[in-house]
Amino acid sequence: MVDLVVRSRRVFTPEGERAAAVAVTGGRIVAIHAYDAEVTAAEDVDLGADALLPGLVDTHVHVNEPGRTEWEGFATATRAAAAGGVTTIIDMPLNSLPPTVNAEALKIKQAAAAGQCHVDVGFWGGAIPGNAGDLPGLHADGVFGFKAFLADSGVPEFPPVDADQLAEAMDAVDALFVVHAEDPEHLRDAASSAAYTDFLASRPADAEHAAVATAIAVAREAGRRVHILHLSAASALPLIARARAEGVRVTAETCPHYLTLDAGQIPDGATEFKCCPPIRDSANADQLWAALADGLITCVVSDHSPCTPELKRQDTGDFAAAWGGIASVQLGLPVIWTAARERGHTLSDVVKWMSRRPADLAGLREKGRIAVGADADLVAFQPDGEFTVDAHALHHRNPVTPYAGRVVTGVVGTTWLRGSRVTGDAPRGRFLRREIATGTKEI
Ligand SMILES: [Zn+2]
């Protein structure tokens, strides 16, 4: 007798797609049987032709609580995540107050999040000038690694590091470092303007190229593992390829907006499209897709970074003054599946990019895969269903998203977190700790 069995003609396992019955007890997958196997279960769900995916793992989410909860909080962010098929998030260390730059701040954040999380939640720590001494303790408390900015972060309490300060942080702790790679030398202050092209020109691809080179050089010297966050500029890809070939432990992610939105199509004043680094042109996006296909970019994560409509300057449409950040944690799966399918990729590819690989990045061996022994984080998904994005219908705290009005393919149905349906009542999410020693799991 098991707690739950979920049957589907299309179950996505690490080995590929098959008809199967996934048996769950105590929140874990205990067996994967033939689709029509006789299994005695307290609950037996048959999805038929609908797909069963492993819950997505989104390693790049800005929740902003405590301190800026009006931008987004744990209750809303994790409810939105679950509705979008995401069952694990890792929260970024900044935009909340205090930022997660020492062990005390992590405790404050966890106290704020406690009892509110509808999915499992892990935490990144932050590396800022002067806190190298705090990093080992924070790492020992279970953060998955450390985020550093090489350019202004947008908030004063989380200043950027230069190459020497990044090296100092890397020397202080054997951890994974995740880097916002834009070089301030190549950035200009954008003049007040409602034209997206003016904002784009202030953050050229050269800025990413230079900062990726810096991050790689420092990681190479320190012998540390470095991950390039939200890569937008495809021109930096050859640097990453070369460094990997030379044995530097460097990986990169990109985001749905860089893959599916086109700078040339952004209307005047549409500040919901503003993020840093910026969305570039469609030829650039084509190169990002090629890098995903060949494995140079390992994963796709949201960089969900919302704020209030007022801070997005929805009234004036001024790109220079608007907060830079895109809200999409609930929409990443259908947005990427819609575009991936048009480009000839499979749903297995999407699962690899958005579930298994991000789990591997964070060393979460029990997440992001439908396999015996893994957590029963499961998502029912209609690959051919369609819907029109209604920003007000999303669970995000603020109804601001560049995908509003888009017709997308792929509808998330039931989401199970460790074998229990996520309903929006009774949050059951847990805090996740880094499970394994740094460097023992590579992707
Ligand atoms: Zn971010």
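Residues numbered from 1 in each chain as written. Predicted model: local features only at pLDDT ≥ 70, side-chain atom pairs only at ≥ 80, totals over all residues. Heavy atoms only, no water.

Asker: What is the right way to read the side chain of Asp-318 from this model?
Answerer: Checked against the element boundaries, Asp-318 lands in the loop between strand S14 (299-300) and helix H10 (332-342). Salt bridges are absent for the buried Asp-318, whose nearest opposite-charge side chain, Arg-313, sits at 5.9 Å. The residues touching Asp-318, leaving out its near neighbours within four places in the chain, are Ser-192, Ser-193, Thr-271 and Arg-313. (Helix = DSSP H or I, 4+ residues; strand = E, 2+ residues; numbered from the N terminus. Buried < 20%, exposed > 50% of the residue type's maximum accessible area, 1.4 Å probe, protein only. Lys, Arg positive; Asp, Glu negative; His and termini not counted. Salt bridge = Lys/Arg side-chain N within 4 Å of Asp/Glu carboxyl O. Contact = heavy atoms within 4.5 Å.)

Asker: Even after reading the chapter, I still don't get the sheet that holds strand S7 (residues 86-91), so can you show me in this structure?
Answerer: Remark on secondary structure: sheet strands pair via backbone hydrogen bonds, oriented parallel or antiparallel. Taken in spatial order, the three strands of this open sheet run S6-S7-S8, and their pairing is parallel. Strands with a single pairing partner mark the edges of an open sheet, and in this sheet they are strand S6 (56-61) and strand S8 (120-123). Put simply, the sheet's adjacent strands are angled 20° from each other on average, direction ignored. Judged from the four bridges that link them, S6 and S7 form a sheet pairing that is parallel. Counted as the bridge partner of Val-61 is Asp-91 from S7. (Pairing = 2+ DSSP bridges. Axes fitted to C-alpha atoms, helices over the stretch in contact; angles between N-to-C directions.)

Asker: Quick question: what am I supposed to make of the packing of H10 against helix H11 (residues 347-362) here?
Answerer: Each pair of packed helices can be described by the angle between their axes along with the distance between the axes. Remark: H10 packs on H11, axes separated minimally by 10 Å, with the N-to-C direction vectors making an angle of 135°. Considered as vectors, H10 and H11 are oriented oblique to each other. Judged by the twist between their axes, the crossing of H10 over H11 is right-handed. Counting all contacts with H10, which are made through Gly-332, Leu-333, Ile-336, Trp-337 and Ala-340, the residues of H11 involved are Leu-347, Val-350, Trp-353 and Met-354. (Parallel < 35°, antiparallel > 145°, perpendicular 65-115°, else oblique. Left-handed = near helix turned anticlockwise from the far one by under 90°.)

Asker: Could you clarify how one ought to interpret the sheet that holds strand S11 (residues 176-180) in this entry?
Answerer: If you walk across this open sheet you meet the six strands as S9-S10-S11-S12-S13-S14, and the pairing is parallel. At either margin of the open sheet sits one strand with a lone partner, and together these are strand S9 (125-126) and S14. In the sheet, strand S13 (residues 250-254) pairs with S14 via two bridges, with the strands oriented parallel. What sits directly across from Glu-253, in S14, is Cys-299. This element, helix H7 (residues 237-245), spans strand S12 (225-228) and S13 of the sheet and lies at about 150° to S13.

Asker: I keep staring at the coordination of the zinc ion and nothing clicks. Help me out?
Answerer: Metal coordination angles in their ideal form are 109.5 degrees for the four-donor tetrahedron and 90 or 180 degrees for the six-donor octahedron. Taken together, His-60 (NE2), His-62 (NE2) and Asp-303 (OD) make up the protein donors of the zinc ion, found 2.1 to 2.2 Å from the metal. Here the donor residues of the zinc ion are spaced in sequence according to H-x1-H-x240-D. Of this pair, His-62 sits in the loop between S6 and helix H1 (74-83) while Asp-303 is found in the loop between S14 and H10, placing the two residues 241 residues apart along the sequence. Neither His-62 nor Asp-303 differs from the other in exposure class; each is buried. (Donors = N, O, S within 2.8 Å, 3.2 Å for Na, K, Ca; no water.)

Asker: Could you clarify how one ought to interpret helix H6 (residues 205-222) in this entry?
Answerer: Helical geometry: 3.6 residues make up each α-helical turn, so side chains three or four residues apart lie on a common side. Taking 1.5 Å per residue, 18 residues should reach 26 Å; H6 reaches 26 Å between its end C-alpha atoms and fits that length. What H6 keeps buried is the set Ala-207, Glu-208, Ala-210, Ala-211, Val-212, Ala-215, Ile-216, Val-218 and Ala-219. On its buried face, H6 is in contact with helix H4 (163-172), S11, S12, H7 and S13. Looking one or two residues beyond H6, the residue adopting positive phi is Gly-223, at roughly 70°. (Expected span 1.5 Å × (residues − 1).)

Asker: Help me understand the pattern of salt bridges in this model?
Answerer: A side chain with one charge may pair with a side chain of the opposite charge, provided their charged atoms come close. Tallying each qualifying case throughout the model produces 18 salt bridges. With a shortest N-O distance of 2.5 Å, Asp-91 and Lys-109 are connected by a salt bridge. You can see Asp-91 sitting in strand S7 and its partner Lys-109 sitting in helix H2 (residues 103-113), a full 18 residues away along the chain. Lys-109 sits in the buried class, given a relative accessible area of 1%. Put simply, Glu-208 and Arg-280 hold a salt bridge, and the shortest N to O gap is 2.7 Å. Placement of Glu-208 in helix H6 and of Arg-280 in the loop between helix H8 (256-260) and helix H9 (282-293) is noted, with a sequence separation of 72 residues between them. Each of Asp-120, Lys-367, Asp-375, Asp-377 and Arg-418 takes part in a single network of salt bridges with overlapping partners.

Asker: Got a minute to help me understand the confidence of the model for the protein chain in this structure?
Answerer: Should the pLDDT be low somewhere, the predicted coordinates at that spot are not to be read in detail. Put simply, the protein chain has an average pLDDT of 96, and 98% of its residues get 70 or more. The model gives residues 437-443 a pLDDT under 50, and that stretch makes 17 contacts with residues more than four places away or in other chains. (pLDDT = per-residue confidence, 0-100.)

Asker: What should I look at first to understand the side chain of Lys-312 in this one?
Answerer: With respect to the helices, strands and loops of the structure, Lys-312 is situated in the loop between S14 and H10. No salt bridge is formed by the buried Lys-312, whose closest oppositely charged neighbour, Glu-272, lies at an N-O distance of 7.3 Å. Among all residues touching Lys-312, those that are not within four sequence positions of it are Thr-271, Glu-272, Lys-274, Cys-307, Ala-322, Trp-323, Gly-324, Gly-325 and Val-400.

Asker: Got a minute to help me understand the packing of aromatic side chains in this structure?
Answerer: Per the stated rule, a full pass over the model turns up nine aromatic pairs. Between Tyr-196 and Phe-199, the ring centres sit 5.8 Å apart and the planes meet at 65°, which makes this aromatic pair edge-to-face. With Tyr-196 and Phe-199 both in helix H5 (residues 196-202) and three residues apart, this pair spans about one turn of that helix. Assessed through its relative accessible area of 2%, Tyr-196 is described here as buried. Ring plane angle 75° and centroid distance 5.5 Å describe the contact between Tyr-196 and Phe-319, whose orientation is recorded as edge-to-face. (Phe/Tyr/Trp six-rings, centres within 6.5 Å; stacked < 30°, edge-to-face > 60°.)

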